Amino acid sequence: MNRKILALLLMLFCSSSYAYTVYGNGVKSCGYWVERRQVNDHWTMSQWALGYLTATGYHNELELKEIDSSALIVWFDNYCDKNPLVSFSTAMKQLVSDLIIQPSKG
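For every chain, the first residue of the written sequence is number 1, and numbering continues from 1 onward in sequence order. Selection of residues for local features in this predicted model requires a pLDDT of at least 70, selection of side-chain atom pairs for listing and counting requires 80 or more, and totals for whole chains, interfaces and linings are taken over all residues. For side-chain calculations, the full set of non-hydrogen atoms in the structure is used, while hydrogens and water are omitted.

Asks: Can you tell me about the overall build of the chain, naming the residues and giving the values?
Replies: Broken down by element type, the chain carries five helices and zero strands. Two residues qualify as a contact provided that any one of their heavy atoms is within 4.5 Å of a heavy atom in the partner residue. Restricting to contacts in the chain with at least 6 residues of sequence separation, those with at least 24 account for 71%. Using the Shrake-Rupley algorithm and a 1.4 Å probe, accessible areas are obtained, with residue cover drawn only from the displayed protein chains. Split by element, the accessible area of the chain, about 6800 Å² in all, is 54% carbon and sulfur. Going along the chain from the N terminus, every DSSP run of H or I of four or more residues is numbered as a helix, and every run of E of two or more is numbered as a strand.

Here it is as structure tokens:
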């Protein structure tokens with residue numbers, strides 16, 4: 001496994017080894033996302049998520065699968081419907097994990 005991917009996964013899943021503060025919409029719950037979607041007021045959370053993806057890929061030098069805002073919204077709808085109590089930033093960690101492009105072995 002690529003060292004950069006392994007490092008990111010360790011950062012994402014071993015919270016005791018890497019502490020950071022979440023700001024903005026990341027502190028909200030997935031339940032909040034579901035509530036905002038019902039009244040079509042989810043745009044600031046969507047933009048926060050796109051910025052998070054961009055920063056994560058850039059700062060960790062990761063290659064992520066491309067995702068447009070429509071696909072992002074559907075992903076969050078599905079994930080947050082099933083996990084309303086988790087934080088939006090926790091959902092983002094899962095999304096990043098789903099989007100990491102594994103280097104081809106060759």
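Asks: How would you explain the packing of helix 2 (residues 30-38) against helix 4 (residues 69-82) if you had to name every residue and give the values?
Replies: Running from N to C, helix 2 and helix 4 point in directions that differ by 125 degrees, and their axes come no closer than 9 Å. The angle between helix 2 and helix 4 places the two elements in the oblique class. Of the two possible hands of crossing, helix 2 and helix 4 adopt the one that is left-handed. The segment helix 2 lies against helix 4, with Cys 30, Trp 33, Val 34 and Arg 37 engaging Ile 73, Phe 76, Asp 77, Tyr 79, Cys 80 and Asp 81. Side-chain classes are defined by residue name, with Ala, Val, Leu, Ile, Met, Phe, Trp, Tyr, Cys and Pro counting as nonpolar, Asp, Glu, Lys and Arg as charged, and the others, Gly among them, as polar. Grouping the constituent residues of the contact of helix 2 with helix 4 by class yields seven nonpolar, no polar and three charged. In this analysis an axis means a line fitted to C-alpha atoms, helices contributing only their contacting stretch, and an angle means the value between N-to-C directions, from 0 to 180 degrees. Angle categories are assigned with fixed cut-offs, so that under 35 degrees is roughly parallel, over 145 is roughly antiparallel, 65 to 115 is roughly perpendicular, and the rest are oblique. Crossing handedness is read from the near helix: turned anticlockwise from the far helix by less than a right angle, it gives a left-handed crossing, and turned clockwise, a right-handed one.

Asks: Which residues make up the state of the cysteines, and what values go with them?
Replies: Disulfides are defined as cysteine sulfur pairs within 2.5 Å. Counted by the stated rule, this structure contains one disulfide. Two residues share a disulfide in this structure: Cys 30 and Cys 80, whose sulfurs sit 2.3 Å from each other. The S-S bond linking Cys 30 to Cys 80 shows a torsion near -45 degrees; that makes this disulfide left-handed. With a gap of 50 residues between them, Cys 30 in helix 2 and Cys 80 in helix 4 connect regions that are remote in the sequence. Cys 80 shares its class with Cys 30; the two are buried. A 1.4 Å probe rolled over the protein chains alone gives each residue an accessible area, and that area as a share of the maximum for its type sets the label: buried under 20%, exposed over 50%, partly exposed in between.

Asks: So, the nonpolar core: which residues are in play, and what are the values?
Replies: Definition used in this section: a nonpolar core is a set of buried Ala, Val, Leu, Ile, Met, Phe, Trp, Tyr and Cys residues joined via side-chain atoms within 4.5 Å. Of all hydrophobic cores here, the largest spans 22 residues; its most connected members are Trp 33, Leu 53, Leu 64, Phe 76, Cys 80, Met 92 and Leu 95. Sorting the residues of this core by element identifies helix 2, helix 3 (43-59), helix 4 and helix 5 (88-99) as the ones contributing at least two each.

Asks: Got a sec to walk through the packing of aromatic side chains? Specific residues and values, please.
Replies: Two aromatic rings from Phe, Tyr or Trp, using only the six-membered ring of Trp, form a pair when their centres are within 6.5 Å; if the ring planes differ by under 30 degrees the pair is stacked, by over 60 it is edge-to-face, and anything between is tilted. Evaluation of the coordinates by the stated rule reveals seven aromatic pairs. Ring plane angle 85 degrees and centroid distance 5.1 Å describe the contact between Trp 75 and Phe 76, whose orientation is recorded as edge-to-face. The same class applies to Trp 75 as to Phe 76, namely buried. Among the aromatic side chains, those forming a connected cluster through ring pairs are Trp 33, Trp 48, Tyr 52, Trp 75, Phe 76, Tyr 79 and Phe 88.

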